[in-house]
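What the coordinates show
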Amino acid sequence: MTDSLAERLADVDDRIAAAARAAGRDPAGITRIVVTKFHPVSLIDRLYALGVRDVGENRQQELTAKRRDVQPSPHLRWHFIGQAQTKKARAIRSAADVVHSVDRERLADALQRAGEPGSVLDVLLQINLTSDPARGGVAPAGVDALAEHVAACTGLRVRGVMAVAPLDEPPAAAFARLADCAQRVRRVVPDAAWISAGMSGDFVEAVAAGATHLRIGSAITGPRPAHN
Ligand SMILES: *Cc1c(COP(=O)(O)O)cnc(C)c1O
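This text gives an overview of the structure that appears in the document. (Residues numbered from 1 in each chain as written. Predicted model: local features only at pLDDT ≥ 70, side-chain atom pairs only at ≥ 80, totals over all residues. Heavy atoms only, no water.)

Looking at the element boundaries, F80 is found in strand β3 (residues 77-80). Sequence separation of F80 and I92 is 12 residues, and the distance between their C-alpha atoms is 7.6 Å. Filtering out sequence-adjacent residues up to four positions away, F80 remains in contact with E57, N58, R59, Q60, L63, I92, A96, V98, V99, H100 and S101. (Helix = DSSP H or I, 4+ residues; strand = E, 2+ residues; numbered from the N terminus. Contact = heavy atoms within 4.5 Å.)

See the structure below:
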């Protein structure tokens, strides 16, 4: 098992590097986050032993529990990538190093209030690239206003944008819209250079479109266990 995990990780990293070179980009400028949701904490320990330093979780309770139970791993960074409930802001803030899913002012305000005085949390603005308003993310039309609002929260640092590509269109088209949103955020926060995009099925297209942070689960971990 350890061998196949190592092989899948190496294979994905080779494909990321190839996609970066094909796009004229330095592979070192790309952060590969391994999405470990629904997997046991022992998987995170094994990934850490293989050199993984960035992991992603999409549920607050699971994130909190795993961060408590993982073997002491001083350099592990925890990315919260799921839809965030405002009432969970304090728990999210204390367990996450980066929150990818800030998509409304009320959530930004709650995360801001949840911080210790003087602490600064890295956040990304999640963009909804689908036509379904029920999906997570701010509509592209609302990006500028949200960026202005979050930029004014002194306990939050806007690092860039995040999105999930819709299933019903080619990912390249969706990622092009995301790149446009990223540029608009940079007009408000000039150093907000991160673009979190690309999952197991579309990370090559995401790299071509400028993604700096890839959130890759099953291609590395294998199928997720059933959950409730
Ligand atoms: C689960 C998840 C991923 C990873 O998905 P895979 O297809 O397993 O790579 C990436 N981003 C988000 C927001 C997720 O919830």
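Additional details are given in the paragraphs that follow.
For the rest of this paragraph, the subject is helix α5 (residues 105-114). Turning to α5, its buried residues number three or more, namely L107, A108, A110, L111 and A114. Relative to the axis of α5, the buried residues are bounded by an arc of 165° and lie together on one face. Turned more than 90 degrees off the buried face of α5, the exposed positions are R106 and R113. On the buried face of α5, the contacting elements are α4 (89-95), β4 (98-102), β5 (121-126), α6 (143-151) and β6 (156-162). (Buried < 20%, exposed > 50% of the residue type's maximum accessible area, 1.4 Å probe, protein only. Arc of directions from axis to C-beta.)

Here we take up the nonpolar core. Counting 63 residues, the largest nonpolar core has V99, L111, I127, V150, L178 and L214 as its most contacted members. Setting aside chain neighbours within four positions, we find L214 in contact with I16, I30, T31, R32, I33, A197, G198, F203, A206 and V207. Counting residues in hydrophobic clusters, the runner-up holds six residues, among them V35, I81, M162 and W194. (Core = buried A, V, L, I, M, F, W, Y, C linked by side-chain atoms within 4.5 Å.)

We now examine the side chain of D45. Counting through the fold element by element, D45 comes out in helix α2 (residues 41-49). Although D45 is buried, it makes no salt bridge; R46 carries the closest opposite charge, 9.1 Å away. Residues in contact with D45, not counting those within four places in the same chain, are V70 and Q71. (Lys, Arg positive; Asp, Glu negative; His and termini not counted. Salt bridge = Lys/Arg side-chain N within 4 Å of Asp/Glu carboxyl O.)

Moving on, we get to the site of the ligand. For the ligand, the full set of nearby residues is V35, K37, I81, M162, V164, M199, S200, R215, I216, G217, S218 and R224. Note that an oxygen atom of the ligand is positioned 2.8 Å from one of the backbone N or O atoms of G217. A distance of 2.8 Å separates an oxygen atom of the ligand from a polar atom in the backbone of S218. Relative to its unbound accessible surface of 390 Å², the ligand loses 87% to contact with the protein. (Near = heavy atom within 4 Å. Polar contact = N/O pair within 3.5 Å; in protein donor to acceptor, adjacent residues only side chain to side chain. Areas by Shrake-Rupley, 256 points an atom, 1.4 Å probe, with all protein chains shown as cover.)

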